[in-house]
There are 2 protein chains.
Amino acid sequence: MQVLIVHCHPEPHSFNAALTDVAIETLERAGHRIEVSDLYAQHFDPVERATHYPARADGGYFSALTEQRYHHDSGTLPTDVQREIDRLWRAELVILQFPLWWHAQPAMLKGWFDRVFVYGGLYSGNRRFDRGPLKGRRALCSVTTGAPAATFSRFGRSADITTLLWPIHCSLYYVGFDVLAPQLTYGVQGGGLSYQAEASFRRQLEADKARWAGRLEGLDDETPIPFTGWADWDDDGILRETHPLRWRP
Amino acid sequence: MQVLIVHCHPEPHSFNAALTDVAIETLERAGHRIEVSDLYAQHFDPVERATHYPARADGGYFSALTEQRYHHDSGTLPTDVQREIDRLWRAELVILQFPLWWHAQPAMLKGWFDRVFVYGGLYSGNRRFDRGPLKGRRALCSVTTGAPAATFSRFGRSADITTLLWPIHCSLYYVGFDVLAPQLTYGVQGGGLSYQAEASFRRQLEADKARWAGRLEGLDDETPIPFTGWADWDDDGILRETHPLRWRP
């Protein structure tokens, strides 16, 4: 199996980096081929803007969608974007490794969606959701948080983690991915500064690395998150009146 | 009243720019003072990373929180970040104007949270939520979407808009803001390219500008989105067993 890990953390010795390392080791040991998009190391530019398109389809009004489709169709997308798209086309499994910053992925990873999931290439009006071009491939978010697990539960003050990850899971499904349940690593504090902090960092890391490696070995048996699809919607994109999800006591 | 508009769109003649213009006109006409952070025009860098801190508190391990607190306390935050913080401290109302890209705010605006909402300055362990430093001020997201309104309803395929905006609303509440209901402008297509597209863009714009101006004139009478707070939580940050929200039929 070909795997793409999109790694997003500014510190090379971070907890996130260790989780990416253990994913590489575990998956390579199982015979899979791995590519890593280390967004910070690549100096990826997460900002979608006009200067990425020197020869514009519309030199007057900058519309990201217009330029994405035009440059996708003419094979002139920015090099860094085209490289990410090539990696996505090769991958059967995509792992997004990132820390939860301000209730979402860091800007660096948000911009990977903004720039790489190009209109005309990774989706269009009729090729979205369960008809998306990446259908048949799987994606999984591996997320670290600073606050402890209980605060991300249904009644916790950090907000329910399922709700917080819903936007990113929707985006992955939009281009066709089967989305696996997220790998959640709570209560992660940074390393560095004091010996105590460093020791506690190491202790937690060993436990969470083992849990992550264990899950990766059994990934083939997992069932993706269920989404509704084209067959469930009416012509306006609304769940049909007859769908069981429309009613509950 | 002092108002800060954080404007995030790459095209100066966009629908979003027109909504920001009408907010400036309407609020100035009502006697308020306005500042605008036009993130694209300012070339704001949304990526939190080590190079923003030449003189690091911890030169070994880069932790954003460690550096934010240290540089906040020593008054040596990056100039662009300090300018945004100064604007926030002056503002009684903050309007975030942005298009929904990939089920969330664009990377440019996500990074405004990542970099500007600094640990030690805009929040700390005990100064968060309804004890956040920005308590008493109001914030409001004015959001445009490409897809039509119905698809963002509870049973729509674009996903429920309230759920999609939950992460950003949680972030605003986290630093203390009273969060007003979002201003939602659906079905916005870009201008440019054809005469037909441009004409339809202008028609929709006139209607949505008027609706936005009308709302802004009555903003003082609005009730913020209700959030639970410190008095509702136990010591672990979980809603108390006795809270009415814990139970429903």
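Reading the values: the criteria
- Residues numbered from 1 in each chain as written.
- Chains lettered and ligands numbered in written order.
- Predicted model: local features only at pLDDT ≥ 70, side-chain atom pairs only at ≥ 80, totals over all residues.
- Heavy atoms only, no water.
- Helix = DSSP H or I, 4+ residues; strand = E, 2+ residues; numbered from the N terminus.
- Buried < 20%, exposed > 50% of the residue type's maximum accessible area, 1.4 Å probe, protein only.
- Areas by Shrake-Rupley, 256 points an atom, 1.4 Å probe, with all protein chains shown as cover.
- Lys, Arg positive; Asp, Glu negative; His and termini not counted.
- Charge placed at Lys NZ, Arg CZ, Asp CG, Glu CD.
- Patch = residues over 30% accessible without salt bridge, like charges linked within 9 Å, V, L, I, M, F, W, Y side chains within 5 Å.
- Salt bridge = Lys/Arg side-chain N within 4 Å of Asp/Glu carboxyl O.
- Contact = heavy atoms within 4.5 Å.
- Polar contact = N/O pair within 3.5 Å; in protein donor to acceptor, adjacent residues only side chain to side chain.
- Phe/Tyr/Trp six-rings, centres within 6.5 Å; stacked < 30°, edge-to-face > 60°.

(A) Region of interest: the overall build of chain A. What chain A contains, in helices and strands, is seven helices and six strands. Mapped in sequence order, the helices and strands of chain A form the string β-α-β-α-α-β-α-β-α-α-β-β-α. Seen through its C-alpha atoms, chain A measures out along the principal axes to roughly 55 × 55 × 40 Å. By the burial criterion, 55% of the 249 residues in chain A qualify as buried. Of the roughly 10,600 Å² of accessible surface on chain A, 52% is carried by carbon and sulfur atoms. When the 26 basic and 31 acidic side-chain charges of chain A are each reduced to a single mean position, those positions are 2 Å apart.

(B) Quick look at a positive patch on the surface. On the surface, Arg154 and Arg248 of chain A together with Arg154 and Arg248 of chain B cluster together into a positively charged patch. Structurally, Arg154 of chain A can be placed in the loop between strand E4 (138-144) and helix H5 (161-164). Assessed through its relative accessible area of 57%, Arg154 of chain A is described here as exposed.

(C) Representation of the environment of Cys141 of chain A. Residue and element names in this part refer to chain A. Relative to the elements of secondary structure, Cys141 occurs in strand E4. Residue Cys141 is classed as buried on the basis of its relative accessible area, which comes to 0%. Contact partners of Cys141, with chain neighbours within four places excluded, come to Leu96, Phe98, Ile168, His169, Leu172, Pro182 and Gln183.

(D) The arrangement of the environment of Arg115 of chain B in detail. Residues and elements named next belong to chain B. Tracing the backbone shows Arg115 in helix H4 (residues 107-116). Separated by 93 residues in the primary sequence, Arg115 and Asp208 have C-alpha atoms spaced 32 Å apart. Not counting residues within four places of it along the chain, the set of residues in contact with Arg115 comprises Phe44, Asp45, Pro46, Val47, Glu48, His52, Gln68, Pro78, Asp80 and Val81. Of note is the side chain of Arg115, whose polar atom sits 2.9 Å from the side chain of Asp80.

(E) Just the pattern of salt bridges, in detail. Residues and elements named next belong to chain A. According to the stated counting rule, one finds 26 salt bridges over all chains in the structure shown. The closest approach of N and O atoms between Glu67 and Arg56, which form a salt bridge, is 3.6 Å. Highlighted residues: Glu67 in helix H2 (residues 64-73) and Arg56 in the loop between strand E2 (33-38) and H2, separated in sequence by eleven residues. By relative accessible area, Glu67 is classed as buried at 0%. Judged by its relative accessible area of 24%, Arg56 falls in the partly exposed class.

(F) Broad picture of helix H4 (residues 107-116) of chain A. Burial runs high along H4 of chain A: ten of the ten residues are buried. For H4 of chain A, the complete set of buried residues consists of Ala107, Met108, Leu109, Lys110, Gly111, Trp112, Phe113, Asp114, Arg115 and Val116 of chain A. Looking at the buried positions of H4 of chain A, the neighbouring elements they touch are strand E1 (2-7), H2, helix H3 (79-90), strand E3 (93-99) and helix H6 (166-174) of chain A together with H4 of chain B.

(G) Examining the packing of aromatic side chains more closely. Within the structure shown, the criterion is met by 38 aromatic pairs over all chains. Arranged with centres 5.9 Å apart and planes meeting at 50°, the rings of Phe129 of chain A and Tyr173 of chain A form a pair that is tilted. Taken together, the residues span a long stretch of sequence, with Phe129 of chain A in the loop between H4 and E4 and Tyr173 of chain A in helix H6 at a distance of 44 residues. Judged by its relative accessible area of 9%, Tyr173 of chain A falls in the buried class. Seen from their ring centres, Phe129 of chain B and Trp230 of chain B are 6.1 Å apart, and the 70° between their planes marks the pair as edge-to-face.

(H) Layout of unusual backbone geometry. If you check the backbone angles, Phe129 of chain A has positive phi at about 55° while not being a glycine. Among the residues examined, Phe129 of chain A registers a relative accessible area of 4% and is labelled buried. Positive phi values are uncommon outside glycine, yet Trp102 of chain B reaches one of about 50°. Summarising the element assignment, Trp102 of chain B is placed in the loop between strand E3 (93-99) and H4. The exposure class assigned to Trp102 of chain B is buried, which follows from its relative accessible area of 14%.

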